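# Structural overview for review
Chain residues, written in single-letter form:
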Amino acid sequence: MNTSLGIIGYPIEHSISPVFQQAALAQCGIAATYRAYPVAPADVGPFVAGLRQPGVLGINVTVPHKETVIPFLDEIDDWAAEAGAVNTIVHRQGRLTGHNTDGYGFLRALQEGAGFQPQGRRTLILGAGGAARGVVLALSREGVGPLTIANRTPERAESLAQLARGRGIQAQAIPLTAPSAGRPDPSLAAVAAESELIVNCTTIGMTHGAIDHDTGAAATPLPRQIIPSAALVYDLVYNPLETRLLREAAQAGAATLGGIQMLVYQGAASFELWLERPAPVPVMLAAATQAMQSPG
Ligand SMILES: NC(=O)c1ccc[n+]([C@@H]2O[C@H](COP(=O)([O-])OP(=O)(O)OC[C@H]3O[C@@H](n4cnc5c(N)ncnc54)[C@H](OP(=O)(O)O)[C@@H]3O)[C@@H](O)[C@H]2O)c1
């Protein structure tokens, strides 16, 4: 019997999870296949029900299904309950458990990859979508210092700031506005100047999936003149591996961290949940990096 794993999303063709998960399975000598499944929103329930078959170990879940899979599961863990989102489903003897390894992947990359401990550190989050919510929850668990959330839609930033305050974190929301006449927004500039950690959780700077003209790889969420040299700039975007934000942060003298490590660490945590053995992280990181350097 072939053992199967995979990822569901819609669309899903740009996912590199099959590349680095299959590399991990090969490295460990496990005869299993990890595939990408494009699943339309209307088909999520029947697809998840099909995971209860013998031979299926589980599945990763990505946009837009992370919330909508929950009603089809038997239970979810604390991280998934807190995030209201599942990125990993484990199948054991007909039972399906939902997990969320995104926050863990974010923190492990921050702490091990960049050697940065967030406790008590002034932090600026750019964006307030699904990824930002996971980041705010993970940083709140670590007792992050004063937190500012900047977002184009200010109500979403305020609701994330409230979430953090509910967990005992000092948090405020500000608008994320495009620079006018080349002059950065003064409130963003003031917060950035004080920040020790800046995390881009917007889609700005991303090659694929740009949905309007001011996103895409040529764009950046933070004007270069307000990047502080003493900060760590962490971009969740991993396509391209080096975004304009990271390039300009490095030019400003700041430390930088790209999104590929988070992607691999969250996938490694999924691998460990399915297979109950350590994931070969260096092999996964090498495969993921190579896939991004030679896309297609
Ligand atoms: N490295 C990893 O493992 C990892 C994991 C998860 C996500 N990510 C990356 O994180 C990014 C965000 O993902 P997500 O799931 O949170 O997406 P999402 O829920 O769609 O949120 C998108 C965010 O980007 C903002 N945004 C989009 N276009 C904008 C523009 N033109 N100007 C200003 N703000 C804009 C949105 O602002 P509004 O609220 O105003 O719409 C929102 O805050 C993606 O690039 C994704 O690839 C990486």
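Scroll up for the structure.
Let us now look at empty space enclosed by the protein. Where empty space is left becomes clear once a probe the size of a water molecule has been rolled over the atoms. Following the criterion strictly, the structure yields one cavity of 30 Å³ or more and no others. Here the largest cavity defines a volume of roughly 60 Å³. Lining of the largest cavity is provided by W79, E82, A83, N100, D102, G103, G134, L137 and A138. Of the residues that constitute the lining of the largest cavity, the class distribution is four nonpolar, three polar and two charged. Residues from two domains meet in the lining of the largest cavity; each of domain 1 (3-100 + 265-293) and domain 2 (103-258) gives at least three.

To continue, consider the packing of aromatic side chains. Taken as a whole and assessed by the stated rule, the structure comprises three aromatic pairs. Centre to centre, the rings of Y34 and W274 are 6.1 Å apart; their planes meet at 55°, and the pair counts as tilted. Pair noted here: Y34 is in strand β2 (residues 32-38) and W274 is in helix α9 (residues 260-275), with a separation of 240 residues, a long-range link. Pair check on accessibility: Y34 and W274 agree, each one buried. Geometrically, the ring pair formed by Y37 and F47 is tilted, given 5.3 Å between the ring centres and 55° between the ring planes. With Y37 in strand β2 and F47 in helix α2 (residues 44-49), this residue pair connects regions lying ten residues apart in the sequence. Judged by its relative accessible area of 22%, Y37 is partly exposed. F47 gets classed as partly exposed once you look at its relative accessible area, which sits at 23%. Its guanidinium or amino end placed over the ring of F116, R121 lies 4.2 Å from that ring's centre, counting from NZ or CZ. It is R141 that lies over the ring of W79; its NZ or CZ is 3.8 Å from the centre.

Calculation rules
- Residues numbered from 1 in each chain as written.
- Predicted model: local features only at pLDDT ≥ 70, side-chain atom pairs only at ≥ 80, totals over all residues.
- Heavy atoms only, no water.
- 1 Å grid on protein atoms, 1.4 Å probe; cavity = no way out; pocket = protein on both sides within 12 Å on 5 of 7 lines; lining within 4 Å.
- Points joined across faces, edges and corners; volume = space filled by probe spheres on them.
- Nonpolar A, V, L, I, M, F, W, Y, C, P; charged D, E, K, R; others polar.
- Domains from an automatic or database assignment.
- Phe/Tyr/Trp six-rings, centres within 6.5 Å; stacked < 30°, edge-to-face > 60°.
- Helix = DSSP H or I, 4+ residues; strand = E, 2+ residues; numbered from the N terminus.
- Buried < 20%, exposed > 50% of the residue type's maximum accessible area, 1.4 Å probe, protein only.
- Lys NZ or Arg CZ within 6 Å of the ring centre and 35° of its normal.

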